[in-house]
Amino acid sequence: QEIHTGRATILATVGGSDTQEYAVEIVRLYGGDQPTRNLLLRVTDERLLGTTGGIVQGMSGSPIIQNGKLVGAVTHVLVNQPDTGYGILIENMLDAAG
């Protein structure tokens, strides 16, 4: 309930073995009826855009952080728009883990 549209970050390992924090924006929040599409995010970090063009295969599961809290994870990218993708909310992940 504290999650809102606006600035956030994702944690990802793009090259080598170091995990980096990259800037994203949560563009839209969806209802809980979509199991893996609870939020729409757009990559705004120039480093990540320059290296990968956005969200790429293997980034699924990357944590999404907002206001210092884990709010979810990246699930998948829009095929024709690699700077934009979907995420699942942490509460839905916890519910699924049962």
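Residue positions are given per chain, counted from 1 along the sequence in the order it is written. Where local features are concerned, this predicted model is filtered to residues with pLDDT of at least 70; where side-chain atom pairs are given and counted, the filter is 80 or more; whole-chain, interface and lining totals use all residues. Side-chain measures were taken over the full set of non-hydrogen atoms in the model, leaving aside hydrogen atoms and water.

**Comments concerning the pairing of strand β2 (residues 20-29)**
Next up, step 1: A strand pair is defined by DSSP finding two or more bridges across the two strands. Elements are defined by DSSP. Helices are runs of H or I of four residues or more, strands are runs of E of two residues or more, and each kind is numbered from the N terminus. Here strand β1 (residues 6-12) runs beside β2; their pairing, made up of 7 bridges, is antiparallel. From the neighbouring strand, Thr9 faces β2, where its bridge partner is Ala23.

**Notes on the pattern of salt bridges**
Next up, step 1: We define a salt bridge as a contact between a side-chain nitrogen of Lys or Arg and a carboxyl oxygen of Asp or Glu at a distance within 4 Å. Tallied over the full model, the rule gives 3 salt bridges.
Next up, step 2: Between Arg42 and Glu25 there is a salt bridge whose closest N-O contact spans 2.6 Å. Here Glu25 lies in strand β2 and Arg42 lies in strand β3 (residues 39-43), a separation of 17 residues in the sequence.
Next up, step 3: Between Asp45 and Arg47 there is a salt bridge, with the nearest N and O atoms lying 3.1 Å from each other.
Next up, step 4: Only protein chains enter the accessibility calculation, which uses a 1.4 Å probe. A residue is then buried if its area is under 20% of the maximum for its type, exposed if over 50%, and partly exposed in between. Residue classification places Asp45 among the buried positions, given a relative accessible area of 11%.

**A word on the packing of aromatic side chains**
Next up, step 1: Pairing of aromatic rings covers Phe, Tyr and Trp, the last through its six-membered ring, and needs centres within 6.5 Å; plane angles under 30 degrees mean stacked, over 60 mean edge-to-face, and all others mean tilted. Summed over the entire model, instances satisfying the criterion amount to 1 aromatic pair.
Next up, step 2: Arranged with centres 6.2 Å apart and planes meeting at 50 degrees, the rings of Tyr30 and Tyr86 form a pair that is tilted. Taken together, the positions of Tyr30 in the loop between β2 and β3 and Tyr86 in strand β6 (residues 81-89) put the pair 56 residues apart, joining distant regions of the chain.
Next up, step 3: What makes Tyr86 buried here is its relative accessible area of 13%.
Next up, step 4: Sitting over a ring, as applied to charges here, requires NZ of Lys or CZ of Arg to be within 6 Å of the ring centre and within 35 degrees of the ring normal. Between the NZ or CZ atom of Arg37 and the centre of the ring of Tyr86, over which it lies, the distance is 4.8 Å.

**Observations regarding the sheet that holds strand β4 (residues 63-66)**
Next up, step 1: The sheet built from 6 strands closes into a barrel, its strands ordered β1-β2-β3-β6-β5-β4 with antiparallel pairing. On average, each strand axis in the sheet is inclined to that of its neighbour by 45 degrees, with strand direction left out of account.
Next up, step 2: We call two residues in contact whenever any of their non-hydrogen atoms come within 4.5 Å of each other. For every element, the axis is a line fit to its C-alpha atoms; helices are fit only across the contacting stretch, and the angle between N-to-C directions ranges from 0 to 180 degrees. Across the sheet, helix α2 (residues 90-97) lies against β5 (69-78) and β6, angled at about 55 degrees from β6, the strand it touches most.

**With respect to the environment of Gly72**
Next up, step 1: Within the secondary structure, Gly72 sits in strand β5.
Next up, step 2: Put simply, Gly72 and Ala23 are 49 residues apart on the chain and 15 Å apart in space, counted from C-alpha to C-alpha.
Next up, step 3: What Gly72 contacts, discounting residues up to four positions off in sequence, is Ser62, Pro63, Ile64, Ile88, Leu89, Ile90 and Met93.

Worth remembering: the numbers are spatial, not functional.
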